[in-house]
Amino acid sequence: MTPALAWLEPLRSSVPELDADTWSDLCGLSRELARRVAAAPPLDGPGRSRWLLDLRRHLADYGHHAPAGPSGPVWQTLAQFCAGVHDLDLRDATGTGHGAMILTDAAEVTAETWRARLDRGELVGIAATERHGGSRLQEITTRARLHRDGRWRVNGEKCWVSRLVESAGFVVFFRDPDSRITAVVIDAANEGLEREPIAPFGLGGWSWGVLRLHDVPVDPATDLLGRAGDGLAVFRRHFARFRPLVTATALGTAAGMHTLVADALAARHKAGVLPRVRDNALITLGRTHAEITAALLATITTSRLAMAGHPHADLAARVGKAAGIDTAHRAITDLAPLLGAWGFQQASPIAKARADITGLLYADGVHDSLYRSGGLSLLDASMAASTPPSTGHLAAVSATAA
Ligand SMILES: Cc1cc2nc3c(=O)[nH]c(=O)nc-3n(C[C@H](O)[C@H](O)[C@H](O)COP(=O)(O)OP(=O)(O)OC[C@H]3O[C@@H](n4cnc5c(N)ncnc54)[C@H](O)[C@@H]3O)c2cc1C
């Protein structure tokens, strides 16, 4: 059994959507990932991202994809966990990723073209964030103007864009000629795109950096996602589905590090190097196992809510991403010292995982902003539901406060 399946097998009763065949497909994906990762050459930079893209194409060629229907999002959530167990860099090993926005919101012909490209293992990036801050999408300044040929020309600058060089297309958010926030898909081969890669602190598997748009032509008849002005709705719907996938990947990485540490301690103990495993190590192993498992179960539920279009889906994805990544981050941080200085070598997987996971504290939503917006939604819901307090109720509250 692969390390990922050792975590997932006890949770099987929590995913009744996965029948024997779809569960067996998931096991097949996990085994294939384990085989390919074990044979991977030690690569950095462009070599590493080429290997990751080849892996994605290979898995697509061999039909490792989510089943159609309601089990699909749950399968994909667990597939992300399986990938993350090996390395956070494997977060795009399978799935439509940001391409999901094209499939659900583009015109039919555009969606079909991109479905075929995604099925071949191509990758789609998202270009939303600008210099003023990614947590304030409403303030973007990238703008389209109407050209005399009836199409639009887009100009602006996006920053911190992941999969900068590897993406076959980008979903770009900008202001349309009427100043409404709008999303389109732009082919990566467009000559008006300029890329400036930046070296990241972690998550170095894929390139990352600035994407500049110089008079990029956009045809509103074919390239729009939703209608003009639907940008914020497209963004919210997408991230309700996408955030649990990112969270599951990060929890997979934490689970992978947990297995690494438990195996290392067991091996040292067996070899007599460590005559007794101290209580602090045992407590950390027990607590982090429970926390990772609980967060994964919550993440699966969040994926279900998004699939069902449940009114709670967006809120669950926002606070669930922040809480789930915080759980994974804390678990890796707490597990690392149990390996001693060995784990501080740059080449050790736990050092890489620690650097990688910090990137997810920002990517797909910085946590204080996500918790804050979650708190606002919850307060709004309470305000809408509550009737004005009676005088007696207010007196009781003041008495409690005193
Ligand atoms: C590894 C990685 C990959 C990424 N990939 C992509 C990508 O593919 N595409 C993309 O578009 N973006 C991407 N991003 C950007 C990411 O979405 C943003 O980092 C995130 O949205 C937060 O935005 P920011 O970093 O600009 O921080 P800000 O939004 O500037 O927030 C920084 C801090 O300022 C605070 N703040 C913001 N406004 C106020 C205010 N009015 N008053 C007080 N405090 C405030 C925030 O709460 C936060 O604490 C990526 C980032 C990383 C690190």
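Residues numbered from 1 in each chain as written. Predicted model: local features only at pLDDT ≥ 70, side-chain atom pairs only at ≥ 80, totals over all residues. Heavy atoms only, no water.

Within the secondary structure layout, Arg50 lies in helix 3 (residues 45-61). Exposure remark for Arg50: the relative accessible area of 53% places this residue in the exposed category. For the pair Arg50 and Gly205, spaced 155 residues apart in sequence, the C-alpha to C-alpha distance is 9.1 Å. (Helix = DSSP H or I, 4+ residues; strand = E, 2+ residues; numbered from the N terminus. Buried < 20%, exposed > 50% of the residue type's maximum accessible area, 1.4 Å probe, protein only.)

Let us look at the packing of aromatic side chains. Applying the stated criterion across every chain yields a total of five aromatic pairs. Seen in terms of ring centroids, Phe173 and Phe235 are 5.5 Å apart; in terms of plane orientation they differ by 85 degrees. Their pairing is edge-to-face. Placement of Phe173 in strand 4 (residues 169-175) and of Phe235 in helix 7 (residues 231-270) is noted, with a sequence separation of 62 residues between them. Each of the two residues, Phe173 as well as Phe235, counts as buried. Consider the rings of Phe239 and Phe242, whose centres lie 5.8 Å apart with planes at 85 degrees: the pair is edge-to-face. Of this pair, Phe239 and Phe242 both sit in helix 7, three residues apart, roughly one helical turn. For Phe239, a relative accessible area of 4% gives the class buried. (Phe/Tyr/Trp six-rings, centres within 6.5 Å; stacked < 30°, edge-to-face > 60°.)

Glancing now at the packing of helix 7 against helix 8 (residues 279-307). Two elements in contact, helix 7 and helix 8, have axes separated by 9 Å at closest approach and are oriented at 160 degrees. With respect to their mutual orientation, helix 7 and helix 8 come out roughly antiparallel. Crossing geometry of helix 7 relative to helix 8 is assigned as left-handed. The residue makeup of the contact of helix 7 with helix 8, split by class, is 16 nonpolar, seven polar and one charged. (Axes fitted to C-alpha atoms, helices over the stretch in contact; angles between N-to-C directions. Parallel < 35°, antiparallel > 145°, perpendicular 65-115°, else oblique. Left-handed = near helix turned anticlockwise from the far one by under 90°. Nonpolar A, V, L, I, M, F, W, Y, C, P; charged D, E, K, R; others polar.)

The next point concerns the domain arrangement of the chain. Looking at the chain, the domain boundaries give domain 1 (3-118), domain 2 (124-230) and domain 3 (232-381). Its C-alpha centre places domain 1 at a distance of 18 Å from the equivalent point of domain 3. With 28 residues of domain 1 at the contact, the number on the domain 3 side is 33 residues. In this assembly, domain 1 packs against domain 3 so that about 2500 Å² is buried in total across both faces, 72% of it on carbon and sulfur atoms. Of all residues in domain 1, the largest losses of buried area upon contact with domain 3 belong to Trp7, Thr77 and Leu88, amounting jointly to 28% of the total for that side. The tally of links between domain 1 and domain 3 comes to four salt bridges. For the salt bridge of Asp89 with Lys352, the shortest nitrogen-to-oxygen distance reads 3.0 Å. Joining domain 1 to domain 3, the criterion identifies 11 residue pairs in polar contact (both at pLDDT 80 or more). Here the side of domain 1 that touches domain 3 takes nine residues from helix 4 (residues 71-86), the largest share from any one element. Partitioning the side of domain 1 that touches domain 3 into residue classes produces 15 nonpolar, eight polar and five charged. (Domains from an automatic or database assignment. Contact = heavy atoms within 4.5 Å. Buried area = accessible area lost by both parts, 1.4 Å probe. Salt bridge = Lys/Arg side-chain N within 4 Å of Asp/Glu carboxyl O. Polar contact = N/O pair within 3.5 Å; in protein donor to acceptor, adjacent residues only side chain to side chain.)

In this model, Leu203 sits at a positive phi of 50 degrees, which is unusual for a non-glycine residue. With respect to the helices and strands, the residue Leu203 is situated in the loop between strand 6 (193-197) and strand 7 (208-218). Judged by relative accessible area, which is 12%, Leu203 ranks as buried. Phi at Asp364 is positive, roughly 65 degrees, even though this residue is not glycine. Residue classification places Asp364 among the buried positions, given a relative accessible area of 18%.

Attention shifts here to the site of the ligand. Around the ligand, the structure places 20 residues, and the nearest of them are Thr129, Gly134, Ser135, Trp160 and Asp368. Taking Arg136, its side chain carries an N or O atom lying 3.3 Å from a nitrogen atom of the ligand. At a separation of 3.3 Å, an oxygen atom of the ligand approaches a polar side-chain atom of Ser369. For the ligand, whose accessible area on its own is 970 Å², the fraction buried by protein is 65%. Of all the secondary-structure elements, those providing two or more residues to the shell around the ligand are strand 1 (124-127), strand 3 (152-162) and helix 11 (367-385). In terms of residue count, the dominant contributor to the shell around the ligand is strand 3 (three residues). Considering only residue class, the shell around the ligand consists of 10 nonpolar, seven polar and three charged. Both of domain 2 (124-230) and domain 3 (232-381) provide at least three residues apiece to the shell around the ligand. (Near = heavy atom within 4 Å. Areas by Shrake-Rupley, 256 points an atom, 1.4 Å probe, with all protein chains shown as cover.)

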